[in-house]
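Structural overview for review
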Amino acid sequence: MNTTHIITNEAIEYLNRELVLPSTGREQDWEIELADSNRINEFISFYENKPLSDDKKFALMALIIGSLENLAYIKSINKDIWGKVARLLCARIELYKPLIDYWSLVGEDNNDDDTFAITKLMRSLKCC
């Protein structure tokens, strides 16, 4: 099982171009800085309908999750959107386990004040 995965420059460049993301090329946390809660459905549709390598899928899923995090601060996450994302995460658990662990804060002893907005959702995944 792949326990570590990184977002590659090739994947970032591809997604920036194909999704017309407002990248400057200087982002340190690309998946957070370019997250867009208004485009989650578009990102999910792109994921589901384009032939993507694992590197591109991983980067796009990181962007989707970052966008969910943004959305969770604005309003509650629609169950349909979360259901789609959860299904995609569970379908490729071996690829996305590092993302799930990161957003779930695995191994950290914390209370609700010390978590991400989507930590409870990520911890609720039934495939983990």
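Residues numbered from 1 in each chain as written. Predicted model: local features only at pLDDT ≥ 70, side-chain atom pairs only at ≥ 80, totals over all residues. Heavy atoms only, no water.

Here we come to the overall build of the chain. Regarding its fold elements, the chain presents 7 helices and 0 strands. Written out in order from the N terminus, the α and β elements of the chain read α-α-α-α-α-α-α. The C-alpha atoms of the chain give a radius of gyration of 14 Å, which matches the 14 Å a tight globule of 128 residues would have. Projected onto its principal axes, the C-alpha positions of the chain cover 40 × 35 × 30 Å. For the chain, buried positions account for 45% of its 128 residues. In the chain, the share of contacts with a sequence separation of at least 24, taken over all contacts with a separation of at least 6, comes to 65%. With an accessible surface of roughly 7400 Å², the chain has 47% of that area assigned to carbon and sulfur atoms. Distance from the positive charge centre (15 side chains) to the negative charge centre (21 side chains) of the chain: 7 Å. (Helix = DSSP H or I, 4+ residues; strand = E, 2+ residues; numbered from the N terminus. Rg over C-alpha atoms; globule rule 2.2 N^0.38 Å. Buried < 20%, exposed > 50% of the residue type's maximum accessible area, 1.4 Å probe, protein only. Contact = heavy atoms within 4.5 Å. Areas by Shrake-Rupley, 256 points an atom, 1.4 Å probe, with all protein chains shown as cover. Lys, Arg positive; Asp, Glu negative; His and termini not counted. Charge placed at Lys NZ, Arg CZ, Asp CG, Glu CD.)

A few words on the nonpolar core. Of all hydrophobic cores here, the largest spans 39 residues; its most connected members are Leu 60, Met 61, Trp 82, Leu 89 and Tyr 96. Counting residues per element, the ones that place at least two in this core are helix H1 (9-18), helix H3 (40-49), helix H4 (54-74), helix H5 (79-91) and helix H6 (93-104). It is H4 that provides the largest number of residues to this core, a total of 10 residues. Here Tyr 96 is in contact with Tyr 47, Lys 57, Phe 58, Met 61, Leu 88 and Leu 89, once residues within four sequence places are set aside. (Core = buried A, V, L, I, M, F, W, Y, C linked by side-chain atoms within 4.5 Å.)

Here we take up the environment of Ile 118. Of note, Ile 118 is situated in the loop between H6 and helix H7 (119-123). Take Ile 118: its relative accessible area is 0%, and that puts it in the buried class. Ile 118 sits 42 residues away from Ser 76 along the chain, and the two C-alpha atoms are 9.9 Å apart. With residues up to four places along the chain from it excluded, the contact list for Ile 118 reads Ile 65, Leu 68, Glu 69, Ala 72, Ile 77 and Trp 103.

Take the state of the cysteines next. Under the counting rule described, the total for this entry stands at 1 disulfide. Disulfide partner of Cys 90: Cys 127, at an S-S distance of 2.0 Å. Here the disulfide of Cys 90 and Cys 127 is left-handed, its torsion about the S-S bond being about -75°. Of this pair, Cys 90 sits in helix H5 while Cys 127 is found in the segment after H7, placing the two residues 37 residues apart along the sequence. (Disulfide = S-S within 2.5 Å.)

Here the focus is the packing of H4 against H6. Contact geometry of H4 with H6 gives a least axis separation of 10 Å together with a crossing angle of 25°. Taken together, the axes of H4 and H6 lie roughly parallel to each other. The chirality of how H4 crosses H6 is right-handed. Residues Asp 54, Lys 57, Phe 58, Met 61, Ala 62, Ile 65, Gly 66 and Glu 69 of H4 form the contact with H6, whose own contacting residues are Leu 95, Tyr 96, Leu 99 and Trp 103. Residues belonging to the contact of H4 with H6 are distributed by class as follows: 8 nonpolar, 1 polar and 3 charged. (Axes fitted to C-alpha atoms, helices over the stretch in contact; angles between N-to-C directions. Parallel < 35°, antiparallel > 145°, perpendicular 65-115°, else oblique. Left-handed = near helix turned anticlockwise from the far one by under 90°. Nonpolar A, V, L, I, M, F, W, Y, C, P; charged D, E, K, R; others polar.)

To continue, consider the packing of aromatic side chains. Applying the stated criterion to the full structure yields 5 aromatic pairs. Taken together, a centroid distance of 4.5 Å and an interplanar angle of 55° make the contact between Trp 103 and Phe 116 tilted. Of the two residues, Trp 103 sits in helix H6 while Phe 116 sits in the loop between H6 and H7, which places them 13 residues apart along the sequence. Residue classification places Phe 116 among the partly exposed positions, given a relative accessible area of 23%. Clustering of aromatic rings is evident, with ring pairs tying together Tyr 102, Trp 103 and Phe 116. The ring of Tyr 14 is capped by Lys 56, whose NZ or CZ atom sits 4.1 Å from the centre of that ring. (Phe/Tyr/Trp six-rings, centres within 6.5 Å; stacked < 30°, edge-to-face > 60°. Lys NZ or Arg CZ within 6 Å of the ring centre and 35° of its normal.)

In short, shape yes, function no, at least from these values alone.
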